[in-house]
Amino acid sequence: PPVTAAPATAPPATDLALVYAVAPGGSIRVFEGESLGLFASWLGIGVERLRRFNGLAPNASLKLGATLKLPFERVTQATFEARRVEHHRRVREAY
């Protein structure tokens, strides 16, 4: 199961590329407004593939601050990061 940490609320408006970067080893911390569906979409894989990759049960909920491992099978890490940053940029602009 993923390691949980303190809740990850939206970070201050700084350099989003640094805030939402993938950590060494291919893991990320889950922030507010993110979901397995978004991650899977940005990775070009199905949600079930991402669940299996992280050992998550089908009914397990994703918790803020959790750490997820990402399989970069269909997209590069840079592509995933660009999609993630763009998502958060659009969310910020909507408010």
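This is a predicted model, so every value here is computed, not measured.

We describe a pair of aromatic rings using the distance from one ring centre to the other and the angle between the two ring planes. Taken as a whole and assessed by the stated rule, the structure comprises five aromatic pairs. Here the aromatic rings of Tyr 20 and Phe 31 are separated by 5.1 Å at their centres, their planes lie at 80 degrees, and the arrangement is edge-to-face. Remark: Phe 31 occurs in the loop between strand 1 (27-29) and helix 2 (36-43) and Tyr 20 occurs in the loop between helix 1 (16-19) and strand 1; sequence separation between them is eleven residues. The exposure classification of Tyr 20 matches that of Phe 31, with both residues buried. Each member of the aromatic cluster is reached from another via a ring pair, and the members are Phe 39, Trp 42, Phe 72 and Phe 80. Between Lys 69 and the ring centre of Phe 53, over which it is positioned, the NZ or CZ distance is 5.7 Å.

Let us look at the confidence of the model for the protein. With 85% of its residues at a pLDDT of 70 or more, the protein has an overall mean of 89. Mean pLDDT across the elements of the protein ranges from a minimum in helix 1, with 92, to a maximum in strand 1, with 98. Low pLDDT, under 50, characterises residues 3-7; the stretch is placed with 13 contacts to residues that sit more than four places away or in other chains.

Nonpolar side chains in soluble globular proteins generally cluster together in the buried interior. Among the nonpolar cores identified, the biggest contains 16 residues, and Ile 28, Phe 39, Leu 43, Leu 50, Leu 68, Leu 70 and Phe 80 are the most heavily contacted of them. Not counting residues within four places of it along the chain, the set of residues in contact with Leu 68 comprises Gly 26, Ser 27, Ile 28, Val 30, Leu 36, Phe 39, Asn 54, Leu 56 and Leu 62.

This part covers the pattern of salt bridges. All told, the structure shown has five salt bridges when counted by the stated rule. For Arg 51, the salt bridge goes to Glu 48, with nearest N and O atoms at 3.6 Å. Of this pair, Arg 51 and Glu 48 both sit in helix 3 (residues 47-53), separated by three residues, roughly a single helical turn. A relative accessible area of 41% means that Glu 48 is categorised as partly exposed. For Glu 86, the salt bridge goes to Arg 90, with nearest N and O atoms at 3.8 Å. A residue pair is termed a helical-turn pair when its members lie 3 or 4 positions apart in one helix, as Glu 86 and Arg 90 do in helix 4 (residues 77-94) at four residues. When its relative accessible area of 32% is taken as the criterion, Glu 86 is described as partly exposed. Through salt bridges with shared partners, one network takes in Glu 86, Arg 89 and Arg 90.

Buried within helix 2 are the following residues: Leu 36, Phe 39, Ala 40, Trp 42 and Leu 43. Down the axis of helix 2, the sector holding all buried residues measures 165 degrees, keeping them to one side.

Rules behind the numbers
Each residue is numbered by its place in its chain's sequence as written, counting from 1. Note on the predicted model: pLDDT of at least 70 is required for a residue's local features to be given, and 80 or more for side-chain atom pairs to be given and counted; whole-chain, interface and lining totals, by contrast, use all residues. With hydrogens and water stripped out, all remaining heavy atoms of the structure feed into the side-chain values. Pairing of aromatic side chains requires ring centres within 6.5 Å, counting the rings of Phe and Tyr and the six-membered ring of Trp. Pairs whose planes differ by under 30 degrees are stacked, by over 60 edge-to-face, and all others tilted. Where helices and strands are cited, they refer to DSSP runs of H or I of at least four residues and of E of at least two residues respectively, numbered from the N terminus. Accessible area is worked out with a 1.4 Å probe on protein chains only. A residue is then buried under 20% of its type maximum, exposed over 50%, and partly exposed in between. A ring has a charge above it when a Lys NZ or an Arg CZ is no more than 6 Å from the ring centre and no more than 35 degrees off the ring normal. The predictor attaches a confidence to each residue, and that confidence, scored 0 to 100, is pLDDT. The contact definition used throughout considers only heavy atoms, calling two residues in contact when any of these lie within 4.5 Å. In plain words, nonpolar cores are sets of buried Ala, Val, Leu, Ile, Met, Phe, Trp, Tyr and Cys residues tied together by side-chain atoms within 4.5 Å. Any Lys or Arg side-chain nitrogen located within 4 Å of an Asp or Glu carboxyl oxygen qualifies as a salt bridge. To obtain the arc, one takes the directions from the helix axis to the C-beta atoms.

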